[in-house]
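Structure at a glance
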Amino acid sequence: MAQTLTAPKVKVDRKWQLFIDGKFVDGASERTLVNPADGKPLTKVAEAGPKQVEAAIKAARTAFDKGPWPRMSALERANMLFKIADIIDKNAEELSELETLNGGKPLREAQYDIADTANCFRYYAGLITKPTGTTVDVPAPSVTSIVREPIGVCGQIVPWNYPLLMAAWKLAPALAAGNTCVLKPSEYTPLTAIRLAELLKEVDLPDGVVNIVLGDGPKVGQPIAESKLVDKIAFTGSVKTGKIIAQAALSNLKKVTLELGGKSPMIVFSDFDLDTAVDYALFAIYCNSGQVCSAGSRMIVEESIYDDFVAKMAERAKKIRVGPGLEEDTEMGPLVSEPQMKRVLEYIEIGKKEGAKLITGGERLKGDKYGNGFYISPTIFSNVKPSMRIVQEEIFGPVVVVQKFKSEEEAVELANDSDYGLAGAVFTKDITRAHKVVKQLKAGITWVNAYHNTYTECPWGGYKQSGWGRELGTFGLEAYTEIKQVNINLDPIPVGWFENQE
Ligand code: NAD
């Protein structure tokens, strides 16, 4: 029997404009967004042309050079960030629904994201009022203190998998430190960012402190990365785009933070409870339909339990309830867009051609429930070789490869055999082994007997081609500051360096 989609409560059929210098303005063109749950048009949004991008950068520049925001006390800025957190919480239901409609993820995931978004603002509101300066005991009569100052105008370019949360990871520390921002959301998922702009207006954030321009990467993102009026660029997205951003940033050697992709391993030893390991494996790869930078996309499983692991994982993967994000019993939603779905399907074909064994899934889901939406069934490949493209490249969809190891040494070798180094996990009851393995993993985020635990308080970022720098925690705040040394001579008598000049 055909199931109808749950009717959204939120109204998307309205104007979605750019946010520049505290005003909502039209763009140079419009884009029609598509609902990934049914493939139908969702709404239209304004997109920026060169003029609007320039205006947004100039507004942020003026707000930084002349406006009140960088000159406020940390406490005043903290109070504003607390207000932002509160108003996000107040509107959480609407924001979650918008995130689901726009990006496809199940509502329960969107609800977590929005709660995390509010908490990110709250965390940096708290952090910025804590002492950060230091003094250094230099020889008298000098005294030296080291202070942190905002960098200036920050360009912030974010992807579509966690639209508002990724924006918060950048906006919250940048604002806390006293910077001003030009945010560019993904062209696929701009709705919650614009809604956030409306909330920022409601809490009276000074004009020009946050500007939001919509549009595609090369036309709207790249000019921000290239602009000499921008002092820092923070980017989350693919390695390919990250390299373009790094090149563009050379124009004025602006500061750069890159949070890029991953192909993260989850190592499972035979001493660990098999059913629990499989449960974590499902969470590691199929959460947000695998569209997670830290997704556990490579299972590395000890030989003695390999067959059982694959069989049990397949059995449970088949039972995952795939469907529209707004339906209550949905456990996994569609992919974000048609191009992303096609990309994932292409990888599945590549895997088959490379000779990997397709255990389950591997197809687009069709039928009444799915309409023309972008659904792919949870997919598992076994019998893979390290050289295969599906083992090396980031697929960013519900596709996992299961590799086999005989020794601890081989497990580590397989895990580190990647250009990426974002995350990695090890599952074992042996604490010594867990420590030994984690110590050898070339990854910025590691878990023991856990997966996907992400804390605003802890650093996020990767080794190797997974990026430059760290977000979140104290590290995330530091990345939005310049360090200034202030040396004061308490007894300014003539220095006497050139004595014979009379
Ligand atoms: P993407 O690189 O295609 O796009 C990311 C953003 O960059 C978008 O806003 C896009 O419009 C913009 N962009 C594209 N080309 C640009 C250019 N030439 N100049 C400036 N901006 C440009 O990535 P995506 O497909 O949106 O997101 C998926 C990728 O993001 C995956 O690789 C994933 O691993 C990564 N990601 C990483 C993290 C992390 O924290 N490490 C988090 C989420 C996603």
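Residues numbered from 1 in each chain as written. Predicted model: local features only at pLDDT ≥ 70, side-chain atom pairs only at ≥ 80, totals over all residues. Heavy atoms only, no water.

1. Observations regarding unusual backbone geometry
- Of the consecutive residues alanine 140 and proline 141, the connecting peptide bond is found in the cis state with omega at 5 degrees.
- Secondary-structure assignment places proline 141 in the loop between β5 (134–136) and β6 (142–150).
- Its identity is not glycine, yet asparagine 288 carries a phi of approximately 55 degrees, on the positive side.
- One can find asparagine 288 in the loop between α9 (274–286) and β13 (296–302).
- The phi angle at lysine 464 is positive, at roughly 45 degrees, despite the residue not being glycine. (Helix = DSSP H or I, 4+ residues; strand = E, 2+ residues; numbered from the N terminus.)

2. Things to note about the sheet that holds strand β19 (residues 445–448)
- A sheet is described by the order of its strands in space; here 7 strands give the open sequence β14-β15-β16-β13-β12-β18-β19, paired in mixed fashion. One side of each edge strand has no neighbouring strand; the edge strands of this open sheet are β14 (357–360) and β19. When the angles between neighbouring strand axes are averaged without regard to direction, this sheet yields 20 degrees.
- Of the pairings in the sheet, the one linking strand β12 (residues 264–268) to strand β18 (residues 423–427) comprises 3 bridges and is parallel in character. (Pairing = 2+ DSSP bridges. Axes fitted to C-alpha atoms, helices over the stretch in contact; angles between N-to-C directions.)

3. Re the pairing of β19
- Of the two faces of β19, the one lined by Ile445 and Trp447 is fully buried and the one lined by Thr446 and Val448 carries no buried residue.
- By the bridge criterion, 4 bridges tie β18 to β19 in an arrangement that is parallel. The residue bridging alanine 423 from the neighbouring strand is isoleucine 445, located in β19.
- This β-α-β element, β18 to helix α14 (residues 431–440) to β19, shows right-handed connectivity. (Buried < 20%, exposed > 50% of the residue type's maximum accessible area, 1.4 Å probe, protein only. Right-handed = clockwise from strand over helix to strand, strands pointing away.)

4. Structural notes on a negative patch on the surface
- A contiguous patch of negative charge on the surface is contributed by Glu409, Glu413, Asp417 and Asp419.
- Summarising the element assignment, glutamate 413 is placed in helix α13 (residues 408–416).
- Note on glutamate 413: relative accessible area 56%, which makes it exposed. (Patch = residues over 30% accessible without salt bridge, like charges linked within 9 Å, V, L, I, M, F, W, Y side chains within 5 Å. Areas by Shrake-Rupley, 256 points an atom, 1.4 Å probe, with all protein chains shown as cover. Salt bridge = Lys/Arg side-chain N within 4 Å of Asp/Glu carboxyl O. Lys, Arg positive; Asp, Glu negative; His and termini not counted. Charge placed at Lys NZ, Arg CZ, Asp CG, Glu CD.)

5. Side note on the site of the ligand
- Residues in contact with the ligand amount to 29 residues; listed here are only the nearest, Glu187, Ser238, Thr241, Leu260 and Glu394.
- Glutamine 222 places a side-chain nitrogen or oxygen 2.9 Å from a nitrogen atom of the ligand.
- Contact with the protein chains hides 91% of the accessible area of the ligand, taken as 840 Å² for the molecule alone.
- Of all elements in the fold, only α7 (217–226), β10 (232–236) and α8 (239–248) reach the threshold of two or more residues within the shell around the ligand.
- Here the shell around the ligand gets 4 residues from one element, more than from any other, and that element is α7.
- Broken down by class, the residue content of the shell around the ligand amounts to 15 nonpolar, 10 polar and 4 charged. (Near = heavy atom within 4 Å. Polar contact = N/O pair within 3.5 Å; in protein donor to acceptor, adjacent residues only side chain to side chain. Nonpolar A, V, L, I, M, F, W, Y, C, P; charged D, E, K, R; others polar.)

6. Remarks on the environment of lysine 243
- Structurally, lysine 243 can be placed in helix α8.
- Since its relative accessible area comes to 48%, lysine 243 is described here as partly exposed.
- For the pair lysine 243 and glycine 155, spaced 88 residues apart in the sequence, the C-alpha separation amounts to 16 Å.

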